[in-house]
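Per-entry structural report
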Amino acid sequence: MDNSAQGLEAQIQKLELRLQNAKLPPDLLEKAKGMIDILKISLRQAGNYSNLESVANYLNVISQIPFENETKDNLDLTYAKQILDKNHYGLADVKNRILEYLASLILNLKNGQKSNRAPIMCLVGLVGTGKTTLAYSIAQSMGRNFERIPLGGMGDVRDLRGQSRLFADAEPGQIIKKMIHTKSKNCVILLDELDRVTDAARADIMGALVELLDPEQNQAFTDHYVDYPVNLSEVLFIATVNNTTNIATAVLDRLELIQMPSYSDEEKLMIGKNYLLPKISVQSGLPVGVLKIDDSIWPIIIRPLGYDSGIRSLERTIEGICRKVARLIVEGKIAQNGIISLNSQNINQFLPH
């Protein structure tokens, strides 16, 4: 046997070892073993196998799908409330709706019902109102791994469902990819901005979402690349939309809409001072206590360019301030006491224009 054949044989042995260590359903395992048997026969008869890379990629994907792996759920509703309060200021009605939803989910889990048969939580609100971060907090409170699928601008349903292996550049869709990345069959997957898929692909993507979000159908979700039903019933899906105008009725029927309110200036003041400024200061590398902001100028920071319903503009403004302060520190232009104080006399130097 020449060196090239020996190399192919070594690769096949690696694939066999990978399958031995993978926890695959019996019929999928048989299918995978059959593919390896074909490789062996081709190797003996022809000394090579042109589709080895394609088969190897497929076996690599299916061996990583978490058919059995799962994380242990935190079923403490008090802890969930603490996480929501720690990460988000205000939003009392939204938090109550989320806690009620989680309470029902926790009772079902305690009763051995792992499949989520409730409608999917869908956070509805304008940009910057905290929809994505709330979804992350829900995953954190339950101790589950979290992944986000951005649907904004998605123009091909194959991005969700994968592409058949008949095509040379085939790969699994985002659902399978995210499950592989979380390494758990009970992960939390955020379907972000359902309403912003492209017009051309809207009908196909909405059709896929109906299957994805329906507890009667998602127990056997079929990715075109994997070509084997994957049980998604233990995945906790959360969706976000800016508005529901472009959402298909069949998808809306499977969503529990939770309206995100706009923030008042008073709420933004508390969020800016107690949440955003401490977090962004650390991210910007600022030493503790180096930046002081007078209370009198917070209204200017909140509305540097006019009204904004969310906190994204506020976050960017604070980021800009912190970066300017970081530059002053690096350039050695801070005061002798090591503190930079923002007040009505110098605030314009730090605000966006």
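Here's what I pulled together on the structure shown here.

All right, on to the packing of aromatic side chains then. Under the defined criterion, the tally for this structure stands at 4 aromatic pairs. Ring centres of Tyr-136 and Phe-146 lie 5.6 Å apart, and the angle between their planes is 85°; on these two criteria the pair is classed as edge-to-face. Separated by 10 residues along the polypeptide, Tyr-136 in helix 6 (residues 131-142) and Phe-146 in strand 2 (residues 146-150) bring together distant segments of the chain. In this structure Phe-146 comes out as partly exposed when scored by relative accessible area, which is 21%.

Glancing now at the nonpolar core. Counting residues in hydrophobic clusters, the biggest one holds 59 residues, and the most contacted among them are Leu-59, Leu-191, Leu-209 and Phe-237. Those elements that place two or more of their residues in this core are helix 1 (3-21), helix 2 (26-46), helix 3 (52-64), strand 1 (120-124), helix 8 (174-182), strand 3 (188-192), helix 9 (202-213) and strand 6 (236-241). No other element matches the 7 residues that helix 9 contributes to this core. Sequence-distant contacts of Phe-237, that is, excluding residues within four places in its chain, are made with Ile-120, Met-121, Ile-175, Ile-189, Leu-191, Leu-212, Leu-213, Asn-218 and Leu-232. Counting 48 residues, the second-largest nonpolar core is a separate cluster that includes Ile-98, Leu-102, Ile-271 and Leu-342.

A full pass over the atoms with the stated rule returns 20 salt bridges. The shortest N-O distance in the salt bridge between Arg-303 and Asp-265 comes to 3.1 Å. A residue pair is termed long-range when its members are at least 10 positions apart, and Arg-303 in the loop between helix 12 (298-302) and helix 13 (312-330) and Asp-265 in helix 11 (residues 265-283) qualify at 38 residues. A relative accessible area of 39% places Arg-303 in the partly exposed class. Of the charged contacts, one joins Glu-315 and Lys-279 as a salt bridge, the two residues approaching to 3.5 Å between their closest N and O atoms. One end of the pair, Glu-315, is in helix 13; the other, Lys-279, is in helix 11, and 36 residues separate them in sequence.

This part takes up unusual backbone geometry. We note that Leu-91 has phi near 55°; this positive angle belongs to a residue other than glycine. Take Leu-91: it is sitting in the loop between helix 4 (77-87) and helix 5 (92-110). According to the relative accessible area criterion, Leu-91 is buried, its value standing at 8%. Residues other than glycine seldom take positive phi values, yet Glu-193 does so here, at roughly 60°. In this structure, Glu-193 sits in the loop between strand 3 and helix 9. Given the relative accessible area of 18%, Glu-193 is considered buried.

Conventions and cut-offs
- Starting from 1, residues in each chain are numbered consecutively following that chain's sequence as written.
- Whole-chain, interface and lining totals are the exception, using all residues; otherwise, since this is a predicted model, local features are given only for residues with pLDDT of at least 70 and side-chain atom pairs are given and counted only at 80 or more.
- By convention in this description, side-chain values take in all heavy atoms of the structure and omit both hydrogens and water.
- Ring geometry is summarised as follows: Phe, Tyr and Trp rings, the Trp one being its six-membered ring, pair when their centres sit within 6.5 Å, and such pairs are stacked at plane angles under 30 degrees, edge-to-face over 60 and tilted between the two.
- Only DSSP runs of H or I reaching four residues or more are called helices, and only runs of E reaching two or more are called strands; each is numbered from the N terminus.
- Working definition: with a 1.4 Å probe on protein chains only, accessible area under 20% of the residue-type maximum means buried, over 50% means exposed, and in between means partly exposed.
- The definition of a nonpolar core used throughout is a set of buried Ala, Val, Leu, Ile, Met, Phe, Trp, Tyr and Cys residues joined through side-chain atoms within 4.5 Å.
- Any pair of residues with heavy atoms lying within 4.5 Å of one another is described as a contacting pair.
- Salt bridges are identified by distance alone: a Lys or Arg side-chain nitrogen within 4 Å of an Asp or Glu carboxyl oxygen.

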